[in-house]
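Chain and residue survey
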Amino acid sequence: MQYIDMHAHMVSRATNDYKMMSMTGCVAVTEPAFWAGFDRVSVDVFEDYFNQLTDFEPKRAAKYGIQHYTWLCINPKEAEDRKLTKEVLDIIPKYLDKPNVLGIGEIGLNRVTRNELESFKDHVKLALEYDQPIHIHTPHLEDKWKGTRVIVDTLLAIDGVQPDRVMIDHAEEHTIDFILGNGFWTGLTLYPTTKASYARAIDMLERYDNDRIIVASACDWGPSEPVALPNFIFEARRRGHEEDWIRKVVFENPKQFLSHSPKFKLPETLTTLKLNA
Amino acid sequence: MSYKTGEIPLNQQELVDEYFMEYRAMLLAVAAYLDRMDRSEMNAEDDFRVKAFRASLQELTSDETGRVERIQMLLSDNDTTLMDERDVQGAYGAFNPESRTPATEEVS
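Residues numbered from 1 in each chain as written. Chains lettered and ligands numbered in written order. Predicted model: local features only at pLDDT ≥ 70, side-chain atom pairs only at ≥ 80, totals over all residues. Heavy atoms only, no water.

**Focus on the domain arrangement of chain B**
Residue and element names in this part refer to chain B. Put simply, the rule is: Note: domain ranges come from an automatic or database domain assignment. It only takes one pair of heavy atoms within 4.5 Å for two residues to be counted as in contact. Put simply, buried area is the surface a 1.4 Å probe can reach on two separate parts but cannot reach once they are joined, added for both. Every case where a carboxyl oxygen of Asp or Glu lies within 4 Å of a side-chain nitrogen of Lys or Arg is listed as a salt bridge. By the criterion applied in these results, polar contacts are pairs of N or O atoms within 3.5 Å in which, for protein atoms, one can donate a hydrogen and the other can accept it, and in which residues neighboring in sequence qualify only through two side-chain atoms.
Segmenting chain B into domains produces domain 1 (10–40) and domain 2 (43–78 + 93–100). Domain 1 puts four residues into the contact, and the matching count from domain 2 is four residues. Summed over both partners, the interface of domain 1 with domain 2 comes to about 340 Å²; 84% of that surface belongs to carbon and sulfur atoms. Taken as a group, Val 30, Leu 34 and Met 37 account for 78% of the area that domain 1 buries against domain 2, more than any other trio of residues on that side. Linking domain 1 with domain 2 are zero salt bridges, by the criterion used here. Between domain 1 and domain 2 we count zero residue pairs in polar contact (both at pLDDT 80 or more) in total.

**Observations concerning the interface of chain B and chain A**
Spelled out, the test is: Counting from the N terminus, the helices are DSSP H or I runs at least four residues long and the strands are E runs at least two residues long.
Of the residues lining the interface, 46 residues belong to chain B; the matching set on chain A comes to 35 residues. For the pair chain B and chain A, the two sides together bury roughly 3,400 Å², of which 49% comes from carbon and sulfur. For the pair chain B and chain A, the number of links is seven salt bridges. The salt bridge involving Arg 238 of chain A is made with Glu 18 of chain B; its shortest N-O contact spans 2.5 Å. For the pair chain B and chain A, the number of links is 21 residue pairs in polar contact (both at pLDDT 80 or more). Sorting elements by how many residues they give to the side of chain B that touches chain A places helix H1 (residues 12–39) of chain B first, with five residues.

**Describing the packing of helix H7 (residues 198–207) of chain A against helix H8 (residues 228–238) of chain A**
All names here are of chain A. Going by this rule: Each axis is a line fitted through C-alpha atoms, and for a helix only the stretch in contact is used; angles between axes span 0 to 180 degrees, taken between their N-to-C directions. We call a crossing left-handed when the near helix sits turned anticlockwise from the far one by less than a right angle, and right-handed when that turn is clockwise. Three classes are used, and their members are as follows: Ala, Val, Leu, Ile, Met, Phe, Trp, Tyr, Cys and Pro are nonpolar, Asp, Glu, Lys and Arg are charged, and the others, Gly among them, are polar.
Relative orientation of the contacting elements H7 and H8 amounts to 65 degrees, with a least axis distance of 9 Å. In this structure, the crossing between H7 and H8 has a hand that is right-handed. The segment H7 lies against H8, with Tyr 198, Ala 199, Ala 201, Ile 202 and Leu 205 engaging Ala 228, Asn 231, Phe 232, Glu 235 and Ala 236. When its residues are assigned to classes, the contact of H7 with H8 shows eight nonpolar, one polar and one charged.

**A word on the nonpolar core**
The tendency in soluble globular proteins is for nonpolar side chains to be buried side by side. Definition in use: We define a nonpolar core as any set of buried Ala, Val, Leu, Ile, Met, Phe, Trp, Tyr and Cys residues linked to one another through side-chain atoms lying within 4.5 Å. When a residue's accessible area, from a 1.4 Å probe over protein chains only, is under 20% of the maximum for its type it is buried; when over 50% it is exposed; and in between it is partly exposed.
By size, the foremost hydrophobic cluster in this structure holds 92 residues, and its most contacted members are Phe 50, Leu 155, Phe 232 and Val 250 of chain A. Broken down by element, the residue count for this core peaks at seven residues, all from helix H9 (residues 243–258) of chain A.

**Comments concerning the environment of Pro 99 of chain A**
Residues and elements named next belong to chain A. Along the chain, Pro 99 falls in the loop between helix H3 (82–91) and strand S4 (101–108). Separated by 165 residues in sequence, Pro 99 and Phe 264 place their C-alpha atoms 8.8 Å apart. Apart from the residues lying within four places of it in its own chain, the contact partners of Pro 99 are Tyr 69 and Lys 263.

**Here we look at the pairing of S4 of chain A**
Residues and elements named next belong to chain A. Worth spelling out the cut-off: Criterion used throughout: strands pair if DSSP finds at least two bridges between them. Crossover handedness is defined by viewing with both strands directed away from the observer: a clockwise path from the first strand over the helix to the second marks the crossover as right-handed.
Burial of S4 is extensive: eight of the eight residues sit out of reach of the surface. Both strand S3 (residues 67–72) and S4 contribute to a ladder of three bridges, which runs parallel. If you follow Thr 70 over to S4, its bridge partner there is Val 101. Across four bridges, S4 lies against strand S5 (residues 134–137) in parallel orientation. The partner of Gly 105 across the bridge, within S5, is His 135. Between the parallel pair S4 and S5, the chain is carried across by helix H4 (residues 114–129), and the sense of this crossover is right-handed.

**Thoughts on a nonpolar patch on the surface**
Residues and elements named next belong to chain B. Heads up, the rule is: Nonpolar side chains (Val, Leu, Ile, Met, Phe, Trp, Tyr) within 5 Å and like charges within 9 Å form the patches, drawn only from residues with over 30% relative accessible area and no salt bridge. A 1.4 Å probe and the Shrake-Rupley method give the accessible areas. Residues count as covered only by the protein chains that appear here.
Taken together, the side chains of Val 16, Phe 20 and Met 21 make up a nonpolar region of the molecular surface, amounting to roughly 330 Å² of accessible area. The topology assignment puts Val 16 in helix H1. Exposure remark for Val 16: the relative accessible area of 44% places this residue in the partly exposed category.

Given below as structure tokens:
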């Protein structure tokens, strides 16, 4: 079954992962800007990173027939640094016309601090100014409920935010209800140990009628699974779900949300693979 | 928080037939972890993660559906007060009330 991985940090993955993803049906990935595992020291490093996301990475993916898209920001873990945040916000607009940039993301909160929230609002304002869709990270583990609440309340208070153009990612059982209830899209992250298992993701999809919900791997430099979606598809079949139900989750829903950007187009054919180019 | 139910393709007997072995293994893993804790030097009974884990185990035995949401909340910071500044980058898996700077402002 063809699928779209809406959240994959491919800069952290080996090229063999693109091959595995391609062989298991992946036709497109979207890669939000994120934390490198350490705090970067200057805006120059973000210039390099954004160039990697908008030039090198789409070429690497294309060799395996995968369309690569990206979202730009300074991520919540580094957004505590207000000076660096403002410098990064200043350079983002010149990348927004790049053909694979879909919007602003993954912005959000980490430990739910004052500075993180101000940086989050700045990103939302930038997205609105440039008419960009928004991709949002919600905090990890014990901070998830609190951070998701603050994010939803903040978005609802900002004039011009259109919930159907906003994806609030990494939902779990205690946050999905008020994300969807306020009209936003949400994502279930198939990430071992710290986020949703395949079985729990399917539980949530069954309970919320699989509308405005996307599943993704969020594979990165941590212990994660670039072929999480094929594993999810296998588990959904085992659970007795029909092919149309599964395809809606792994293909039609991400296609619908990502089409908020006119740049999002799927490859017309997968016969142009250049495996050794 | 409302609890939504949804139809699933498998009935209870099919869920038992298909998944009992997997969840039996998980159950034994939790039991063995608790026994291992008992056998080790006792110096973490007051650790906030141990307390949250034990509270969550109580919730597991509830007869009322919605256990996963209630356990998620037992493991969560239930207060939307902002931190004045970041303490650490990572999270611990359970909320530690002693880890935070004092609350000074509510988020509206």
